[in-house]
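# Per-entry structural report
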Amino acid sequence: AAVLQAPVSDRESQTVEQDSDGSRGRLLAEAEAKLAAGEGEALLSQKYYGFVPISASRFASLVGRDGPDDLFSSDFTDERLAAKLGHMGLAGQRATAPSHPGLRTLFCFSGGDEYVPPSVDVPLLARRFVAAAGGAENGASALILAGASHNLAK
């Protein structure tokens, strides 16, 4: 089985933390400009979280809308979630690799995840992820660990 522990949107998690100086917006604009100029692998002028050097392409992928790493956002339509997560169900796995033995997929949410905005309805999102992966009949399921933090330290 595949277990996706704490499936959280990096883009949406940005709204949980203060950005009093507007640096995230400036970094995203800088990243998008570098990508447009063909300089996606160039490092941004400011470190992510103040200490992480990060390339323009990686930053845009993490915090830009609908980038390669924007998989778990609650504001996606059901159709968009299915396009992002459909390959995780048994039918999706076999569609891309017919000889794939098929792995069940568990979306394991932390009920007290500090990176999930308070506006996100986690039980609803869990049901939407399961449906997007093809439902229980395609090996997808969800579990919410009540009160657990993102890294399960609590």
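We now turn to the structure provided with this report.

## Comments concerning the pairing of strand β3 (residues 140-145)
Residues in a regular strand project their side chains so that they alternate between the two faces of the sheet. For strand β2 (residues 105-110) and β3, the ladder comprises six bridges, and the chain directions are parallel. For Leu-106, the partnering residue across the bridge sits in β3 and is Ser-141. Each parallel crossover has a hand, and for β2 linked through helix α6 (residues 122-132) to β3 it is right-handed.

## Here's the deal with the packing of aromatic side chains
For the coordinates displayed, the defined rule picks out five aromatic pairs. When the centroid spacing of 4.4 Å and the interplanar angle of 40 degrees are considered together, the rings of Tyr-48 and Tyr-49 count as tilted. Between Phe-72 and Phe-129, the aromatic rings sit 5.7 Å apart at their centres with planes inclined by 40 degrees, giving tilted as the arrangement. Of this pair, Phe-72 sits in the loop between α3 (56-63) and α4 (78-85) while Phe-129 is found in helix α6, placing the two residues 57 residues apart along the sequence. Put simply, the rings of Phe-72, Phe-107, Phe-109 and Phe-129 pair up and form one aromatic cluster. Taking NZ or CZ as reference, Arg-11 lies 5.7 Å from the ring centre of Phe-76, over its face.

## Some details on the sheet that holds β3
Ordered by their spatial adjacency, three strands build an open sheet running β1-β2-β3, and the pairing between neighbours is parallel. Edge positions in the open sheet fall to β1 (2-5) and β3, since each of these has one partner strand only. Strand-to-strand twist of the sheet, defined as the mean angle between neighbouring strand axes without regard to direction, takes the value 20 degrees. One ladder, built from four bridges, connects β1 with β2; its direction is parallel. Bridged to Val-3 within β2 is Leu-106.

## Digging into the pattern of salt bridges
In total, this model carries seven salt bridges according to the counting rule given. Residue Arg-65 pairs with Asp-75 through a salt bridge whose shortest N-O separation is 2.9 Å. Of this pair, Arg-65 sits in the loop between α3 and α4 while Asp-75 sits in the loop between α3 and α4, and the two are 10 residues apart along the sequence. What makes Asp-75 partly exposed here is its relative accessible area of 39%. Measuring nitrogen to oxygen at the nearest pair gives 3.1 Å for the salt bridge that ties Asp-66 to Lys-84. Placement of Asp-66 in the loop between α3 and α4 and of Lys-84 in helix α4 is noted, with a sequence separation of 18 residues between them. Look at Lys-84 and you get buried, because its relative accessible area is 9%. Residues participating in the shared-partner salt-bridge network are Arg-11, Arg-65, Asp-70 and Asp-75.

## A short note on the packing of α4 against α6
Between α4 and α6, whose axes approach to 8 Å, the crossing angle comes to 60 degrees. Taken together, the axes of α4 and α6 lie oblique to each other. Like other packed secondary-structure pairs, α4 and α6 cross with a definite hand, here right-handed. Residue-level inspection shows Asp-78, Leu-81, Ala-82 and Leu-85 of α4 in contact with α6, the latter providing Arg-128, Phe-129 and Ala-132. Its residues placed into classes, the contact of α4 with α6 shows five nonpolar, no polar and two charged.

About the thresholds
Residues numbered from 1 in each chain as written. Predicted model: local features only at pLDDT ≥ 70, side-chain atom pairs only at ≥ 80, totals over all residues. Heavy atoms only, no water. Pairing = 2+ DSSP bridges. Helix = DSSP H or I, 4+ residues; strand = E, 2+ residues; numbered from the N terminus. Right-handed = clockwise from strand over helix to strand, strands pointing away. Phe/Tyr/Trp six-rings, centres within 6.5 Å; stacked < 30°, edge-to-face > 60°. Lys NZ or Arg CZ within 6 Å of the ring centre and 35° of its normal. Axes fitted to C-alpha atoms, helices over the stretch in contact; angles between N-to-C directions. Salt bridge = Lys/Arg side-chain N within 4 Å of Asp/Glu carboxyl O. Buried < 20%, exposed > 50% of the residue type's maximum accessible area, 1.4 Å probe, protein only. Parallel < 35°, antiparallel > 145°, perpendicular 65-115°, else oblique. Left-handed = near helix turned anticlockwise from the far one by under 90°. Contact = heavy atoms within 4.5 Å. Nonpolar A, V, L, I, M, F, W, Y, C, P; charged D, E, K, R; others polar.

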